[in-house]
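# Observations on chain architecture
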Amino acid sequence: SSGINAEYGNLVKACMNLGAHIEVSLLCCLKSPPEYGTSFQALKRIVQYDHLHLYYPLFWDVNLLECAIAQHHKKGDTLLRDFVIGLMRRPEMNENNHPDLVARSQNSKKCAFLRTMFQKFLSS
């Protein structure tokens, strides 16, 4: 696990250098335990909304979605705030679901996030 966390740490540093804050935020949540402080700070730094529509549906962590809602509300960005609220209402985001269902949904979103991130950077 520490080896994986180190690799995620390297990816976080690289994404920080690129100004890829949404990727930093999600990568910090892949660590065990999640680095919420860094993750939330990265969400606060997002100034361009270019890829949010691609990434928000891939959020697997309710805490991160709640932070995104608060950030959009503070900025008066009701369209994105309401979009994220809608994502939180999806059945797969219910943390009271059976643990196997929660784990499968989270793993699926994590893999989709990594694919999306690598495709974005490979096509740049």
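Residues numbered from 1 in each chain as written. Predicted model: local features only at pLDDT ≥ 70, side-chain atom pairs only at ≥ 80, totals over all residues. Heavy atoms only, no water.

Turning next to the packing of helix α2 (residues 21–30) against helix α3 (residues 36–44). One way to put it is that α2 packs onto α3 with a least axis distance of 8 Å and a crossing angle of 160 degrees. As far as their axial angle goes, α3 and α2 are roughly antiparallel. The two elements α2 and α3 cross, and the hand of that crossing is left-handed. Touching H21, I22, V24, S25, C28 and C29 of α2 are Y36, T38, S39, A42 and L43, all from α3. Among the residues making up the contact of α2 with α3, the classes are represented as 7 nonpolar, 4 polar and no charged. (Axes fitted to C-alpha atoms, helices over the stretch in contact; angles between N-to-C directions. Helix = DSSP H or I, 4+ residues; strand = E, 2+ residues; numbered from the N terminus. Parallel < 35°, antiparallel > 145°, perpendicular 65-115°, else oblique. Left-handed = near helix turned anticlockwise from the far one by under 90°. Contact = heavy atoms within 4.5 Å. Nonpolar A, V, L, I, M, F, W, Y, C, P; charged D, E, K, R; others polar.)

Counting residues in hydrophobic clusters, the biggest one holds 33 residues, and the most contacted among them are I22, L27, L43, Y55, Y56, F59 and F113. Secondary structure elements with two or more residues in this core: α1 (2–18), α2, α3, α4 (52–55), α5 (62–74), α6 (78–88) and α7 (99–123). The greatest single-element share of this core, amounting to 7 residues, is contributed by α2. Ignoring anything within four residues of it in the chain, the contact list for L27 reads Y8, L11, V12, C15, F113, L114 and M117. (Core = buried A, V, L, I, M, F, W, Y, C linked by side-chain atoms within 4.5 Å. Buried < 20%, exposed > 50% of the residue type's maximum accessible area, 1.4 Å probe, protein only.)

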